[in-house]
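This is what each chain is made of:
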Amino acid sequence: MNKNAWSRAMLGSSNVGVPCGGVSSLTGGDSSSSDWSRPSDWLTMPELVNGDQGFISVNSVYEHGSNFLAFTIFGGNYRVDIGDGNGPVDVNAGTQFEANLNFDDYNSSTLSTRGYRQALIVVTPQTGQTLTSASMSKVHSAALVNHTTQYLDIVFAGNGFTSISFNGSSPSMSLERIRFVGDCSLNTALFMCYNCRALCRLEISDSSSITTYQSALQGCSSMAGHPDLSMASAINISSLYYQSNGLARLAFNDLVNVTSATSVIRSCEKVESLALNGSDSIESLQTACYGAKNLQEFIMSSAVGVTNTTNAFGLCPALGKVLLPGITVSVSVASCKMSAQALDDLFDSLGTVGVSGVPVATITITGNWGVAGCTISKATNKGWQVATS
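Residues numbered from 1 in each chain as written. Predicted model: local features only at pLDDT ≥ 70, side-chain atom pairs only at ≥ 80, totals over all residues. Heavy atoms only, no water.

**Q** Report on the overall build of the protein, specifying residues and quantitative values.
**A** Along the backbone of the protein there are three helices and 20 strands. Across the protein, every contact between residues at least 6 apart in sequence was considered, and the portion connecting residues at least 24 apart equals 60%. Looking at the protein as shown, the accessible area adds up to about 15200 Å², and 47% of this sits on carbon and sulfur atoms. Each charge class in the protein was averaged separately, 19 positive and 27 negative side chains, and the resulting centres sit 4 Å apart. (Helix = DSSP H or I, 4+ residues; strand = E, 2+ residues; numbered from the N terminus. Contact = heavy atoms within 4.5 Å. Areas by Shrake-Rupley, 256 points an atom, 1.4 Å probe, with all protein chains shown as cover. Lys, Arg positive; Asp, Glu negative; His and termini not counted. Charge placed at Lys NZ, Arg CZ, Asp CG, Glu CD.)

**Q** Let's hear about the pattern of salt bridges: which residues, and what values?
**A** Taken as a whole and judged by the stated rule, the model has seven salt bridges. Through salt bridges that share partners, Arg38, Asp153 and Arg177 make up one connected network. (Salt bridge = Lys/Arg side-chain N within 4 Å of Asp/Glu carboxyl O.)

**Q** Could you give an account of the sheet that holds strand β20 (residues 385-387), naming the residues involved and the relevant values?
**A** With respect to topology, three strands assemble into an open sheet ordered β18-β19-β20, the strand pairing being parallel. Taken across any chain shown, the strands that pair with only one partner, and hence form the sheet edges, are β18 (331-332) and β20. One ladder, built from two bridges, connects β18 with strand β19 (residues 362-364); its direction is parallel. For serine 332, the partnering residue across the bridge sits in β19 and is threonine 364. (Pairing = 2+ DSSP bridges.)

**Q** Give me the environment of asparagine 308: which residues, what numbers.
**A** You can see asparagine 308 is positioned in the loop between β16 (297-300) and β17 (321-323). Considering only alpha carbons, one finds asparagine 308 and phenylalanine 74, 234 residues apart in sequence, at a separation of 38 Å. Ignoring sequence-local partners within four residues, the contact set of asparagine 308 consists of Glu283, Ser284, Leu285 and Gln286. At 2.8 Å, the side chain of asparagine 308 forms a polar contact with the side chain of threonine 310. (Polar contact = N/O pair within 3.5 Å; in protein donor to acceptor, adjacent residues only side chain to side chain.)

**Q** Residues and numbers for the sheet that holds strand β9 (residues 133-135), please.
**A** In spatial order, the strands read β7-β4-β9-β11; together these four strands make up an open sheet with mixed pairing. Both outer strands of the open sheet, β7 (96-100) and β11 (163-165), are each paired with one neighbouring strand and no more. When strand polarity is set aside, the average angle formed by the axes of neighbouring strands in this sheet is 15 degrees. As defined by bridge partners, strand β4 (residues 68-74) adjoins β9 across three bridges and the pair is classed as antiparallel. Bridge pairing in β9 links phenylalanine 74 to serine 133. (Axes fitted to C-alpha atoms, helices over the stretch in contact; angles between N-to-C directions.)

**Q** Got a sec to walk through empty space enclosed by the protein? Specific residues and values, please.
**A** Counted under the stated rule, the structure contains two cavities of 30 Å³ or more. Here the largest cavity defines a volume of roughly 40 Å³. Lining the largest cavity, in full, are Phe156, Ile164, Ile178, Arg179, Phe180, Leu186, Met192, Leu202 and Ile204. Looking at the lining of the largest cavity, the elements that each hand over two or more residues are β12 (177-181) and β13 (201-204). Top contributing element to the lining of the largest cavity by residue count: β12, with three residues. Residues that form the lining of the largest cavity fall into these classes: eight nonpolar, no polar and one charged. (1 Å grid on protein atoms, 1.4 Å probe; cavity = no way out; pocket = protein on both sides within 12 Å on 5 of 7 lines; lining within 4 Å. Points joined across faces, edges and corners; volume = space filled by probe spheres on them. Nonpolar A, V, L, I, M, F, W, Y, C, P; charged D, E, K, R; others polar.)

Structure below.
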């Protein structure tokens, strides 16, 4: 391990960009790198390299005296240095580390224009130990109520890590960037960044082994672009972007193993379009887009495997285009804004029902302005019942 990399902490940053929160037109496989710039007066973080283990974070330290920090690392005994000059502390695997960072312990030169001083937190394994997972948002034992955890920027490394989670009773409301560098064995992103409401950037060096993204970015309302996340092994993307209101356009590629897209963009009020490509295996669209009030388009490359569409497009009053190629279960696009041509295109995409053991299904188009002019026979000729009122 490069000890100099772990120990140096300097003011300043050469990162450039534009502020987080702008509207993006990014698609799956792109990142939001141009939508965030690291504040120039944050502490510069030492660079981690392949073979390092642990994490480094920059944390805010306010003068009020309640700067709680609590987390648990599993798999191996670990060492924590909170940068207050008192040196590192050894902690047993699976045991919660906690501290209340003292404003006066951190140099006045670390003062940010945002009003806090800064601490550089360094976590490493003890000799011969391998760290396997991290639970980053624990509640300090002295706190009488749940509290936020004051991470600002954090980087992880270590091929032993299989999971990292900021989901907990002390949400990381101020965390703007999460990175994982070097060889990566993460196999789950379950609730990884849950309610990290300031998060603008997520960078994972290799996400190809991750099988579930359930609620990974739920509540990340500052995300303005789609991180570069591999779906190669993904099975579950349910609630991935639930209430992530900063996104505009999303396209997921290579969803060949995904079976659940339940609530994937539920209550994402700024999303304008969603495309699910390689979607043959998706079974559940339950509440997939429910409450996505600005959604204009929803397109799947294939809906042949879909078995559940309950409230998939509920409360989507702006929805003007839906394509569900090969679908054979009942679905509703009621109270959307589809034209006659858009409804005809949807009918053309439907699979055939009522034959060869496939039950009759109903498509509900009530409340769309194009109902009067659409060609309902395009659906009924395929065995569908069409509900118009």
